[in-house]
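What the coordinates show
Read off the chains here:
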Amino acid sequence: MGRFLVRRIGSMVSALWGVSLIAFFLIRVIPGDPVEAYFAINQLPASVEAMNAIREEQGFNKPLLAQYASWILGVLQLDFGKSFSSGLDVARSLADKFQVTVTISAAALIIIMCISVSVGVLSAVKQSSLFDRMTRTTVFMIASMPSFWLAFILVYVVALKWGLLPLLGWGTWQHMILPSLTLALGFCPYYIRLIRAGILEQLQQPHVQYARARGLKESVIVRRYLLKGTLPSFLTSLAMTCGGLLGGAAIIEIVFTIPGIGRHILLAMETRDYTVLQGFILLIGFFYTAINFAADLFCAIIDPRIRLKEGVQ
Amino acid sequence: MLEVNHLSVYVQQGTSEKLVVDDISFLVPKGKVVGIVGESGSGKSMICSTILQLFDDGRRVSGEIRFKGEQLLTKSKKDLRSVRGKEIAFIMQNPMSMFNPMLTTGEHFVETLQAHSAISRKEAKIKGIEQLARYKLPGDRVWNKYPHELSGGMLQRIMIAIAVCHQPSLLIADEPTTALDTVTQLLILDELQAYQHNSGASMLVVSHDLGVISRLADELIVMRHGMMVEYGPASSVLADPRHPYTQALLAVKEKNRSLDELVDSCEGTITEPLVEWKPGYWVRQ
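All values reported here derive from a predicted model rather than from experimental measurement. (Residues numbered from 1 in each chain as written. Chains lettered and ligands numbered in written order. Predicted model: local features only at pLDDT ≥ 70, side-chain atom pairs only at ≥ 80, totals over all residues. Heavy atoms only, no water.)

1. A few points about the UniProt feature "transmembrane region" (unreviewed entry) in chain A
All names here are of chain A. Under the present numbering, the feature "transmembrane region" (unreviewed entry) in UniProt falls on residues 12-30, 102-125, 137-160, 172-192, 233-256 and 276-299. Between the first and last C-alpha atoms of residues 12-30 the distance is 27 Å; the span itself is 95% helix and 0% strand. Along residues 137-160 the backbone is 88% helical and 0% strand, and the end-to-end C-alpha distance reaches 27 Å. (UniProt positions renumbered as here; feature names shortened; annotations may be inferred. Helix = DSSP H or I, 4+ residues; strand = E, 2+ residues; numbered from the N terminus.)

Structure follows, in structure tokens:
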């Protein structure tokens, strides 16, 4: 197990280093100058001397590699620098806003798992039943709707018409339901189909027939044979889309006017706030690799064949 | 014990149905071993999986199967479950793919024991290891092993140990030795025979290998294209086979020639009726 962990953590670190390179240099390739943007947004008189003075102060005139080195050294000490436009500490403000986004994403993740596992299993076990056919139609319908549109419909019906939940904003747990539900619903169709197909494939396995021949209860077969066999591929692909989930959350936040990372980053894009953007990309990269690492670890724990392949004993 | 009457099985193929088991009737008396022999595709495994209804939709069955006087084919799923593994146990071919790759030997044992009796995991473990020891398996070492860590012969013996843990009155063995090497085959056959002798259970053995069947069976059924071509006491069938197909099968065993060249001589659709040639001995002349 030790070697497996070391290898995985090693590849995680090198992936993050690559992300940091891309984050740093790609942002600087995008046209637009942060100092000019700063002067324009604050409606300051844009004299060349004043702008140069700020470039000097922020270190924008130093060679790129030197700028990268000083940034990455800071990052290694968990100092992500200060925002150029607001002067706030990047780590703190990102953590603040990211908390909201992660909460929505995590809630959405739980909803995705509950809905897709239960619906997927039921429609596979009761294949071609009325329930199966109805879910297939519903799933198609939801899958073909853009998520922001679904958000508007949900807001209109649940919050405006019925008045069951708060309309917009953030604060209580009730505020969380609609955004995470909207976010989750967009992903559910894919996972329902994935689980359904996985279970149907498991049903064809000879060891399921042997389990039946031994007279195991159907509930035991579903849990220990069908679901357990489908779980690794489900979790792996769930972990792969968690990046999409965070990105989706950023859009949902704007629809629901939630003070999350989405709006924060849009603002940083407009002002070309390099330190904030870099920190954000690195943070997303970290979450993505960490979640994938966790999924791999979990799969190795439940499936001995993966442990065998990875050389973990 | 087990009584199969006019059993026919149709398998759906596209829009049409194919007859794979054609009007089969036989009896497995108490304490006796009945062997079914035939080449692959002759429908012999179909009979096994139909007895316990271990198949998906797309199979149609007519006729009746009685076990201890009770109709099996009309039983509800719940009632059927209480028979499976407890009254009728199954030993399947290809043990390597029959065990759940994500569960250990022990977990297979525990779940089987718990399926039919209220027994704690601890008690199940004691019983399981005891049972494994009876089949000359190092219980403590095998208990926590996953299927891919064990050999085919070991898995087959574990399967037998699991099959007999509820003391079933009927054991169905579908190609129990096909995936194994010759030495292991003999060991497995000995073990099956020993269990059958000691417990007085009945057994239905299916194989394409006449050698396997002739070691175990009291009565023999020879199948071809879903039909019974010969059915009678094993000793008579083996000593003096009436049907050319049975003769060909025996010749394969004795002269070490391939079945195809021997069977070609008696190829053609089977049209003759099955008649009782001697009391308890049916054959298509």
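Moving on from the coordinates now.
2. Details of the interface of chain A and chain B
Opposite the 23 residues of chain A that make contact, chain B presents 26 residues. Carbon and sulfur atoms supply 56% of the area buried between chain A and chain B, which totals about 2,300 Å² over both sides. Looking only at chain A, the three residues that lose the most surface to chain B are Tyr210, Arg214 and Arg224 of chain A, adding up to 29% of its buried area. Put simply, Arg224 of chain A and Glu107 of chain B hold a salt bridge, and the shortest N to O gap is 3.8 Å. (Contact = heavy atoms within 4.5 Å. Buried area = accessible area lost by both parts, 1.4 Å probe. Salt bridge = Lys/Arg side-chain N within 4 Å of Asp/Glu carboxyl O.)

3. Quick notes on the sheet that holds strand β12 (residues 281-284) of chain B
Residues and elements named next belong to chain B. With mixed pairing, the 8 strands of this open sheet are ordered in space as β6-β7-β8-β3-β9-β10-β12-β11. Of all strands in the sheet, those with a lone pairing partner are β6 (88-91) and β11 (274-278), marking the two edges. Across the sheet, the mean angle separating the axes of adjacent strands is 20° when strand polarity is ignored. Bridging between strand β3 (residues 33-37) and strand β8 (residues 202-207) involves 5 bridges; their strand directions are parallel. Along β8, the bridge assignment pairs Ile36 with Val206. This element, helix α6 (residues 152-163), spans β6 and β7 (170-174) of the sheet and lies at about 175° to β6. (Pairing = 2+ DSSP bridges. Axes fitted to C-alpha atoms, helices over the stretch in contact; angles between N-to-C directions.)

4. Points about the sheet that holds strand β4 (residues 59-67) of chain B
If you trace the 4 strands from one edge of the open sheet to the other, you get β2-β1-β4-β5 (chain B), paired in antiparallel fashion. The open sheet has two edge strands with one neighbour each: β2 (16-28) and β5 (70-71) of chain B.

5. Regarding the domain arrangement of chain A
Residues and elements named next belong to chain A. Here the domain parsing of chain A yields domain 1 (1-85 + 277-313) and domain 2 (96-270). Look at where the C-alpha atoms of domain 1 and domain 2 centre, and you get two points 29 Å apart. Between domain 1 and domain 2, the contact holds 16 residues from the first and 17 residues from the second. Taken together, both faces of the contact between domain 1 and domain 2 bury some 1,500 Å²; the carbon and sulfur share is 85%. Area buried by domain 1 at its contact with domain 2 is led by Leu277, Phe280 and Tyr288, which between them contribute 32% of it. On inspection of domain 1 and its partner domain 2, the count reaches 0 salt bridges. Counting every contact that joins domain 1 to domain 2 gives 2 residue pairs in polar contact (both at pLDDT 80 or more). Where the side of domain 1 that touches domain 2 is concerned, the elements lending two or more residues are α2 (34-41) and α12 (274-302). At 12 residues, α12 tops the list of elements feeding residues into the side of domain 1 that touches domain 2. (Domains from an automatic or database assignment. Polar contact = N/O pair within 3.5 Å; in protein donor to acceptor, adjacent residues only side chain to side chain.)

6. Some remarks on the environment of Leu231 of chain A
All names here are of chain A. Here Leu231 lies in helix α10 (residues 218-255). Sequence-wise, Leu231 and Asp303 are 72 residues apart; in three dimensions their C-alpha atoms are separated by 9.4 Å. Apart from the residues within four sequence positions on either side, Leu231 is in contact with Phe298 and Ile302.

7. What about the packing of helix α5 (residues 90-125) of chain A against α12 of chain A?
Residue and element names in this part refer to chain A. Between α5 and α12, the least distance of the axes is 10 Å, while the angle of their chain directions is 45°. Judged on the interaxial angle alone, α12 and α5 are oblique. Crossing handedness for the pair α5 and α12: right-handed. Contacts from Val90, Leu94, Phe98 and Val102 in α5 reach Thr275, Val276, Gly279, Phe280, Leu283, Ile284 and Phe287 in α12. (Parallel < 35°, antiparallel > 145°, perpendicular 65-115°, else oblique. Left-handed = near helix turned anticlockwise from the far one by under 90°.)

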